Amino acid sequence: MSIAHPFVYEKPATVGQALKLLSRHGPRARVLAGGTDLIGLMVDGAERPDVVVDIKGIKGLKDIRREKSATVLGSLATFTDVLESSLIRRKLPVMAEMAGWVASRGVRNRGTLVGNICSAVPCCDTGPILLAYRAQILVKGPRGARRVPIDKWFTGPRTTVLKPRELVIGIRIPDPGRHAGCFVKMRRYRGEDLAQASVTVLLMPGKEWRVAFGSVAPKPIQGKRIERLLKGRSLDAGLMDKVVDLTAKEIAPITDIRSTREYRAHMIRVMMRRALEGAVSRKAGKGPPYGSELI
Amino acid sequence: MNITVKLNGIAQTIAVEPSDLLIDVIRDRLGVKSPKYGCGKGDCGACTVLLDGDVVRSCLVLAVEADGREITTVEALSMEGPNDVQRELIRNNAFQCGFCAPGVTLAAEELLRRNADPTEEEIREAVAGNLCRCTGYQQIVEAVRTAARSRRKKAGRKRRPRSGRKGVKS
Amino acid sequence: MSDLKVIGKPVPRIDGEERVVGAAQYVDDLDFGPNLLHAEIVESPHAHAEILSIDTREAERVPGVVKVVTAKDFPYTFGLYMQDRYIFAKDRVRFVGEQVAAVIARDPATAKRAAERVKVRYRKRPFVLDLKEALSDDAPLVHPDLGHYARCPWFFPRAGTNIAHWRKTRRGDIRKGFAQADFILEDTYTVPRYAHCAIETHAIVSLYDHSGRLTLWSSSQSPFTQRNVFANALAPLGLSHQDIRVISPNVGGGFGGKAGVSMEIMGAVLGLAVKGHPVKLRCTRGQEFYNTYQRQGVLARIKLGATKDGRMTAIDHKLHWDAGAYVEYGANVVNAAGLSATGPYPIPNIRIDSICTYTNLPPGGPYRGFGYSEFLFGLESHVDRLAEMMGMDPVKFRRINAIQEGDTLAYGGKMNPSGLREAIDRTAREIKWGKKTRPSGPNKVTGKGFATFWKAPAMPPNAASSAFLKFNEDGSLNVLISGMDIGQGLLTVMAQVASEVLTVPVERIRVETPDTDRNAYEWQTVGSHVTWGCGNAVKMAAEEARDKIFTTVHRAHGLKKEDLYLENEEVRCRTRKNFRLPLRDFVINGIMLPNGQFRGGPILASGMFMPEFTSALSDPETSQGGKPNVHYTVGAAAVDIEIDRDTGKVDVLKVVLAVDVGRAINPDLIRGQVVGGVVQGLATALYEDIRYDKNGKLLNANFTDYKIPTAMDTPKEIVPIILEVPQPDGPYGARGVGEHTMIPCAPIVANAIYNALGLRLKSMPLTAEKICLAMNGIDYDEVKGETMGLCFMGDPDTYEFSTGKTR
């Protein structure tokens, strides 16, 4: 159960030092934040980096803070930090709902949201929620800083647009205004499980809707057709049926060990319906409280 | 490389390899055996320790990451005999084989430190990352609930009003 | 019996504190100093292949590597009931993950690195994963040498086929029985493989010291059986029982998975390979799944007939077991089921075929329930369906047929005393049978399900238990047994038994985990038999100690032994009210006479129990004539569930389980067995199954995708009902309960799903996905793709097994 491959451990104190290390070692280096993904992969021998760059010595990266009309999560912000942040609960309640369903306390205390989108497994829960919140990924590299819109971030299973010599320093989420929504996660167990599918729905000011899916495509995806259909409209039974039918066009689920394609497709319809209903009633200030089980 | 950790209140400096996992260093180098190997993937919680007071999976932490930090294992809770949570776990015959017990006990202790009056749902949530194949969890949950009550009583605290669940409230 | 002081009381476990303070030591926690070496296994990537060569040179060159071990070094076979395994695969591998070599190194990382450098050349052979294929006439043979393996006398392998054992039970006239029936129902049920998932993985440390002594620290339910298997397998090296010592510290969960010998044999020889160095072998979680034991898959064809007034007249039960690549233990699971697959119903006309078939999948073996969990899913689903066909309430149908004391068993013996009818009645009352629970929402629907269960220990007729007992100077005492506390609380229960006889409080009695050099013999801690068997031995030892105490007092004080009795750790006398002699005053140092001489001395005692009334010998064509089982424990269970119609998700609202334990020595620990067993049983019903790809590779050998229930995935309420119809030959009337609580959980859920939705699912597990798809007209087994939930690939209903070559 040990890590069989030796590596050099570096713990830079600044972003600049980190970038220098990444620049020097390129693809032979891996960035370590919470370690809940990377260390397991190293034990398996699936990742065999020569250099591990632990960014936990960099001050300020753990903060969740306001910046102009946006919320910025540092790349060391853990799921527990998000779950317990009053700022997040106030400004981005659906993100807190998502964080509550991630793994277990012992993993949430270490695992970071940025790590989650960097490992970029199709079942990651952070991807869809950031898609719905139209987040930007704050990246620094040898050629300076860039902001990657989240819908450009994922390129496939376990791949992103992040280049070997770059470092994610945070996630910027523009203020969505007064909104409500739901993160609904299909899983085999209530206690601790990866998503077999997830639906995120946000009801924004001005009857703008945002929809995203997880685990039903090679990467987290945005429900663009549904968003267009719903735009500016109030939800009624007929519209709801149309939206639910439209899910089939948005997603491309597969059969794997966690679920069949058929069940995923079916459940997305159920989850879509419940998420829409939940978002409307939460917007109206009625239950169910964030964190409640909707499926 | 050398790291300095405070393990159960005692500062120690030892040489480790970067690839050493915290669980192995605690167990094999520092001789504290209560964190157990169960899965090596963070799925089972048997290797749970408190790192600066937070429950973490010591199988998913490099020993070097713990440099300068404080590690608490279940041994530290019973320096003057079993603490209140442990006493209730004993009284309720909460464990069977006991392999998960150190992890569950630490998860329960961490919960009660941050939430003096947990609901049953919150207790279950707090230990949901600690797999137990023997007990069905019922006696564990009962013990933690009783311990919370007695700890509140001792601290003279009242129950808080109930709303929502899972600590996410709007 | 009403004056019992300790028996029947919910005393806290004597080992409770050490568990929660981190003091309890498991094998991996023991320190062996700087000489300790670590081993890593080299595994087969193929389901079936010839080993052409193994090149260990590059691995041996890795700094820190001490030795690489292969079958060349230890070309021996082993096995509990049938010697069909090599310690390391020799000449051929038979499943993905089978051990081919082991690297011993200074540290685990080095061993792991070097193991990747062992070069094995294979020639792939055709493999069989599917039962139907394994039984076909031109099937590749998993064991061409089957006819030559040493085995126990009650196994009947068919050389030249993949049938490792075929247990036939025949009674009455099956044709007449079905002719008498007004209703007959026939159908097929399938149960996949499952994993035990003890949180502690198997671990063993082996030390062959320079005096030629082999000591093993083993995470085991069976230290003595391990010693025996090691001694038999290693006899060619000149080792015998007296040279081998097995020490079992605390075991982090067993559930049958740590019974017998699986990976431990490798540990044993790794120690032999590096004299003077302790070697540790600890399973990874993955290895725990594919290279210890798994619960075997079964395909059951059941035909059951009954008269219109509700009497079962005939049963034809065919059980086809996917036993995997080695059956040295698993074939006895098949055997046990084949003797009892009527369920707790004295059906007059019986035909049972329980067929153990080799496949190129990991070895099957014992798992809590030992065959009964596997066959009861089909049988108790079928009983419900036949009742419906007859227009009879299924609980009433079961009650009519419930077995009672003196009824004839399938193999011809007589049923022991037991309270099945009371269990049925009380379970039905507690679950409010016949009354629907109001669903919690518009898309929800509720249903209830019921089942009965039974199980006997499956043990050889001479499986014995024994105990030593010795006092200390302060009147406290040690009980030395080799029954294992695998969590069930055996040590505490044995302390209670000794306490009851000797009046020494439980907290002043030490009962420790076993060491074959020092503790008394125990066959194995399996089959839910140790409370009964070991309990009898401890009781006998305590009574012998009491007798010796009275003899000492008689010799010193001249009091008649028959007038003496024990109370509050003192010897008292019925005829001399003022006589009180504390045990601590004399149990070691004796009693001083007026002349300064002493009488007595250290009080030591022993006890032994072997069920001399059993026999495994019977007619191989009918199983009539022997008495293979010591007794059955029976009970009933029911569940109330709520299903979300949209998602298929099952919420378990309430489970009731009534079990006749004969005598509840510690009701609190029995409650623990009920709650824990029910949750483990529900897990097999609702969530778990082992998946293979089409090349025989296990796909979910981890807790990410073979997940066991968490604290948030348990029933809202579990109600244990403890019944006590005493077992005449049990200690204070007790019989076993450990496994039984898991057995009925699958059929109660299947029956409740039918009750809620009118949907009959005939293959486990009954996942939300399967339920939901079925509601939408989709058969899960048709869409599940190449990840097989089962080893049965075709449509089970059309399974017709060719056994032509074997008749």
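Not measured: the values here are computed from a predicted model.

Examining the pattern of salt bridges
Okay, so step 1: Scanning all chains against the criterion turns up 96 salt bridges over all chains.
Okay, so step 2: For Lys62(A), the salt bridge identified is with Asp81(A), shortest N-O distance 2.8 Å. Of this pair, Lys62(A) sits in the loop between strand 3 (51-54) and strand 4 (64-67) while Asp81(A) is found in helix 3 (residues 79-84), placing the two residues 19 residues apart along the sequence.
Okay, so step 3: The partner of Arg125(C) in a salt bridge is Glu50(C), with the nearest N and O atoms 3.0 Å apart. Of the two residues, Arg125(C) is situated in the loop between strand 8 (119-124) and helix 4 (131-134) and Glu50(C) in strand 2 (residues 49-55); the sequence distance between them amounts to 75 residues.

Remarks on the nonpolar core
Okay, so step 1: Formed by 179 residues in total, the largest nonpolar core has its most connected members in Phe95(B), Phe375(C), Phe397(C), Trp454(C), Ile643(C), Phe703(C) and Ile753(C).
Okay, so step 2: Ignoring any residue separated from it by four or fewer positions in sequence, one finds Phe375(C) in contact with His317(C), Leu319(C), Ala337(C), Ser340(C), Ala341(C), Gly343(C) and Trp454(C).
Okay, so step 3: With 51 residues, the next largest nonpolar core counts Leu491(C), Val501(C), Ile549(C) and Leu566(C) among its residues.

A word on the sheet that holds strand 1 (residues 2-7) of chain B
Residues and elements named next belong to chain B.
Okay, so step 1: The strand order across the open sheet formed by five strands is 2-1-5-3-4, and the pairing between neighbours is mixed. What marks the edges here is a single partner per strand, and that holds for strand 2 (10-15) and strand 4 (54-57). Averaged over all pairs of adjacent strands, the angle between strand axes in this sheet comes to 40°, irrespective of strand direction.
Okay, so step 2: Here strand 1 runs beside strand 5 (residues 70-72); their pairing, made up of two bridges, is parallel. The residue of strand 5 that forms the bridge with Leu-7 is Ile-71.
Okay, so step 3: Helix-sheet contacts for helix 1 (residues 22-29) involve strand 2, strand 3 (48-51) and strand 5, and the interaxial angle to strand 2 is about 105°.

A short note on the interface of chain A and chain B
Okay, so step 1: Taken together, the 39 residues of chain A in the interface contact 34 residues of chain B.
Okay, so step 2: Note on chain A versus chain B: buried area summed over both sides is about 3,000 Å², and carbon and sulfur give 58% of it.
Okay, so step 3: Here chain A and chain B share seven salt bridges between them.
Okay, so step 4: Where chain A packs against chain B, one counts 10 residue pairs in polar contact (both at pLDDT 80 or more).

Section: the pairing of strand 12 (residues 214-218) of chain C
All names here are of chain C.
Okay, so step 1: Of all five residues that make up strand 12, five are buried, and the element is covered over most of its length.
Okay, so step 2: Burial along strand 12 is two-sided: Leu-214, Leu-216 and Ser-218 facing one way and Thr-215 and Trp-217 facing the other are all buried.
Okay, so step 3: Where strand 11 (residues 203-208) meets strand 12, five bridges bridge the pair, whose relative direction is antiparallel. When the bridges of strand 12 are listed, Tyr-208 appears paired with Leu-214.
Okay, so step 4: The turn linking strand 11 back onto strand 12 is made up of five residues, and Gly-212 within it adopts a positive phi angle of 90°.

Notes on the sheet that holds strand 17 (residues 349-358) of chain C
Residues and elements named next belong to chain C.
Okay, so step 1: Ordered by their spatial adjacency, five strands build an open sheet running 9-17-16-15-10, and the pairing between neighbours is mixed. At either end of the open sheet lies a strand with only one pairing partner, and these are strand 9 (163-171) and strand 10 (183-191). Between one strand axis and the next, the sheet turns through 5° on average, direction left out of account.
Okay, so step 2: Summarising the sheet, strand 9 and strand 17 pair through eight bridges and their orientation is antiparallel. Bridge assignment links Arg-167 to a residue of strand 17, and that residue is Ser-354.

Thoughts on the environment of Thr225(C)
Residues and elements named next belong to chain C.
Okay, so step 1: Relative to the helices and strands, Thr-225 resides in helix 6 (residues 223-233).
Okay, so step 2: In this structure Thr-225 comes out as buried when scored by relative accessible area, which is 5%.
Okay, so step 3: Thr-225 sits 145 residues away from Leu-80 along the chain, and the two C-alpha atoms are 8.1 Å apart.
Okay, so step 4: Those residues in contact with Thr-225 that sit more than four places away from it in its chain are Leu-80, Gly-260, Trp-523 and Gln-524.

Topic: the state of the cysteines
Okay, so step 1: Scanning the model with the defined rule gives zero disulfides over all chains in all.
Okay, so step 2: Between Cys124(A), a cysteine without a disulfide, and Cys123(A), which holds the nearest cysteine sulfur, the sulfur-to-sulfur distance is 7.2 Å.
Okay, so step 3: You can call Cys124(A) buried: its relative accessible area is 2%.
Okay, so step 4: Cys134(B) takes part in no disulfide bond, and the closest cysteine sulfur to it belongs to Cys97(B), at a distance of 3.8 Å.

Topic: unusual backbone geometry
Okay, so step 1: The residue after Met764(C), namely Pro765(C), is reached through a cis peptide bond having omega -5°.
Okay, so step 2: Note that Pro765(C) resides in the loop between helix 16 (745-757) and helix 17 (768-775).
Okay, so step 3: With a phi close to 40°, Ala103(A) is a non-glycine residue in the positive phi region.
Okay, so step 4: You can see Ala103(A) is positioned in the loop between helix 5 (93-100) and helix 6 (105-108).
Okay, so step 5: For Ala120(A), which is not a glycine, the phi torsion comes out positive at approximately 55°.
Okay, so step 6: Looking at the element boundaries, Ala120(A) is found in the loop between helix 7 (113-119) and helix 8 (126-132).

Some points on a nonpolar patch on the surface
Okay, so step 1: Taken together, the side chains of Met540(C), Met608(C) and Met610(C) make up a nonpolar region of the molecular surface, amounting to roughly 260 Å² of accessible area.
Okay, so step 2: Tracing the chain through its elements places Met610(C) in the loop between strand 27 (604-609) and strand 28 (633-644).

Regarding helix 16 of chain C
All names here are of chain C.
Okay, so step 1: Spanning 13 residues, helix 16 covers 18 Å between terminal C-alpha atoms, matching the ideal 18 Å at 1.5 Å per step.
Okay, so step 2: With 11 of 13 residues buried, helix 16 is to be regarded as a mostly interior element.
Okay, so step 3: Turning to helix 16, its buried residues are Cys-745, Ala-746, Pro-747, Ile-748, Val-749, Ala-750, Asn-751, Ala-752, Ile-753, Ala-756 and Leu-757.
Okay, so step 4: Positive backbone phi, at 70°, marks Gly-758, one or two positions downstream of helix 16.

Things to note about the interface of chain B and chain C
Okay, so step 1: The interface is formed by 43 residues belonging to chain B together with 54 residues belonging to chain C.
Okay, so step 2: With both sides pooled, the region where chain B packs onto chain C buries about 3,900 Å², and carbon together with sulfur makes up 54% of that total.
Okay, so step 3: Two residues, Glu142(B) and Arg671(C), come together in a salt bridge whose shortest N-O distance is 2.9 Å.
Okay, so step 4: Remark: the boundary between chain B and chain C carries 25 residue pairs in polar contact (both at pLDDT 80 or more).
Okay, so step 5: Of all the secondary structure elements, the ones that give two or more residues to the side of chain B that touches chain C are helix 2 (84-91), helix 3 (101-114), helix 4 (120-127) and helix 5 (138-155) of chain B.
Okay, so step 6: The leading source of residues in the side of chain B that touches chain C is helix 4 of chain B, at four residues.
Okay, so step 7: Among the residues forming the side of chain B that touches chain C, the class breakdown is 19 nonpolar, 13 polar and 11 charged.

Quick word on the packing of aromatic side chains
Okay, so step 1: Tallied over the full model, the rule gives 18 aromatic pairs over all chains.
Okay, so step 2: Ring centres 5.9 Å apart and planes at 85° place the aromatic pair Tyr293(C) and Tyr329(C) in the edge-to-face group. Highlighted residues: Tyr293(C) in the loop between helix 8 (285-290) and strand 15 (297-306) and Tyr329(C) in the loop between strand 16 (312-324) and helix 9 (330-340), separated in sequence by 36 residues.
Okay, so step 3: Residue classification places Tyr293(C) among the buried residues on the basis of a relative accessible area of 2%.
Okay, so step 4: The exposure class assigned to Tyr329(C) is buried, which follows from its relative accessible area of 2%.
Okay, so step 5: Taken together, the ring pairs in this structure connect Tyr81(C), Trp154(C), Phe155(C), Tyr293(C), Tyr329(C) and Phe370(C) into an aromatic cluster.
Okay, so step 6: The lysine or arginine in question, Arg282(C), covers the ring of Tyr37(B), its NZ or CZ lying 4.1 Å from the ring centre.
Okay, so step 7: Here the basic side chain of Lys303(C) rests over the ring of Phe178(C), its NZ or CZ set 4.4 Å away from the ring centre.

Procedures and definitions
- Residues numbered from 1 in each chain as written.
- Chains lettered and ligands numbered in written order.
- Predicted model: local features only at pLDDT ≥ 70, side-chain atom pairs only at ≥ 80, totals over all residues.
- Heavy atoms only, no water.
- Salt bridge = Lys/Arg side-chain N within 4 Å of Asp/Glu carboxyl O.
- Helix = DSSP H or I, 4+ residues; strand = E, 2+ residues; numbered from the N terminus.
- Core = buried A, V, L, I, M, F, W, Y, C linked by side-chain atoms within 4.5 Å.
- Buried < 20%, exposed > 50% of the residue type's maximum accessible area, 1.4 Å probe, protein only.
- Contact = heavy atoms within 4.5 Å.
- Pairing = 2+ DSSP bridges.
- Axes fitted to C-alpha atoms, helices over the stretch in contact; angles between N-to-C directions.
- Buried area = accessible area lost by both parts, 1.4 Å probe.
- Polar contact = N/O pair within 3.5 Å; in protein donor to acceptor, adjacent residues only side chain to side chain.
- Disulfide = S-S within 2.5 Å.
- Patch = residues over 30% accessible without salt bridge, like charges linked within 9 Å, V, L, I, M, F, W, Y side chains within 5 Å.
- Areas by Shrake-Rupley, 256 points an atom, 1.4 Å probe, with all protein chains shown as cover.
- Expected span 1.5 Å × (residues − 1).
- Nonpolar A, V, L, I, M, F, W, Y, C, P; charged D, E, K, R; others polar.
- Phe/Tyr/Trp six-rings, centres within 6.5 Å; stacked < 30°, edge-to-face > 60°.
- Lys NZ or Arg CZ within 6 Å of the ring centre and 35° of its normal.

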